[in-house]
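# Observations on the three-dimensional arrangement
This is what each chain is made of:
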Amino acid sequence: QALDLQRDILGTRHPDTLTVMHNLAVTLHSQGDLAGAADMMRQALDLQREILGIRHPHTLAAMQNLAVTLKSQGDLAGAAEMMRQALD
């Protein structure tokens, strides 16, 4: 609900909406919904890269969190690649 409200009020591309998307993804991960978390993280990360830029601290944190989620899913290669991108 919070994400829907953010999108309605501020729009999908607003930095605060991106933060809510990321926080929802982290919550999904914590609840064990790794697939849902990874999907939401990818959506948020794509927008963060475009809007905030690749070197913004929130973008880098999102990349690291996606890497952790990928690792939790057993996608070690994907996790390693995401961490490499965050460190480049």
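Because the structure is a prediction, the values reported are computed rather than measured. (Residues numbered from 1 in each chain as written. Predicted model: local features only at pLDDT ≥ 70, side-chain atom pairs only at ≥ 80, totals over all residues. Heavy atoms only, no water.)

Turning to helix α3 (residues 34–51), a few remarks are in order. The first and last C-alpha atoms of α3 sit 25 Å apart over 18 residues, in line with the 26 Å expected at 1.5 Å per residue. At its buried positions, α3 is contacted by α1 (2–10), α2 (15–30), α4 (57–72) and α5 (76–87). Phi turns positive one or two residues past the end of α3, at G53, with a value near 100°. (Helix = DSSP H or I, 4+ residues; strand = E, 2+ residues; numbered from the N terminus. Expected span 1.5 Å × (residues − 1). Contact = heavy atoms within 4.5 Å.)

So, on to the packing of α3 against α4. Where α3 meets α4, the closest approach of the two axes is 9 Å, and the angle between their N-to-C directions is 155°. Comparing the axis directions of α3 and α4 gives the class roughly antiparallel. The handedness of the crossing between α3 and α4 comes out as left-handed. Residues L34, A37, A38, M41, R42, L45, Q48 and R49 of α3 lie in contact with α4, whose contacting residues are H58, T59, A62, M63, N65, L66, T69, L70 and S72. When its residues are assigned to classes, the contact of α3 with α4 shows 9 nonpolar, 6 polar and 2 charged. (Axes fitted to C-alpha atoms, helices over the stretch in contact; angles between N-to-C directions. Parallel < 35°, antiparallel > 145°, perpendicular 65-115°, else oblique. Left-handed = near helix turned anticlockwise from the far one by under 90°. Nonpolar A, V, L, I, M, F, W, Y, C, P; charged D, E, K, R; others polar.)

With that out of the way, let us pick up the confidence of the model for the protein chain. Low pLDDT marks regions whose predicted coordinates should not be analysed in detail. Of all residues in the protein chain, 100% attain a pLDDT of 70 or more, and the chain-wide mean is 94. Predicted confidence in the protein chain is weakest over α1, with a mean pLDDT of 87, and strongest over α3, with 96. (pLDDT = per-residue confidence, 0-100.)

Turning our eyes to something else, we now look at the environment of L45. Among the secondary structure elements, L45 is positioned in helix α3. Between the C-alpha atom of L45 and that of T59, which follows or precedes it by 14 residues, the distance is 6.4 Å.

Throughout the structure, instances matching the rule amount to 2 salt bridges. R13 is paired through a salt bridge with E50; the nearest N and O atoms lie 2.8 Å apart. With R13 in the loop between α1 and α2 and E50 in helix α3, this pair connects stretches of sequence that are 37 residues apart. Take E50: its relative accessible area is 53%, and that puts it in the exposed class. Put simply, E81 and R84 hold a salt bridge, and the shortest N to O gap is 3.3 Å. Note that E81 and R84 are positioned in helix α5 at a spacing of 3 residues, about one turn of the helix. Relative accessible area serves as the criterion here: at 37%, E81 is assigned to the partly exposed category. Residue classification places R84 among the partly exposed positions, given a relative accessible area of 48%. (Salt bridge = Lys/Arg side-chain N within 4 Å of Asp/Glu carboxyl O. Buried < 20%, exposed > 50% of the residue type's maximum accessible area, 1.4 Å probe, protein only.)

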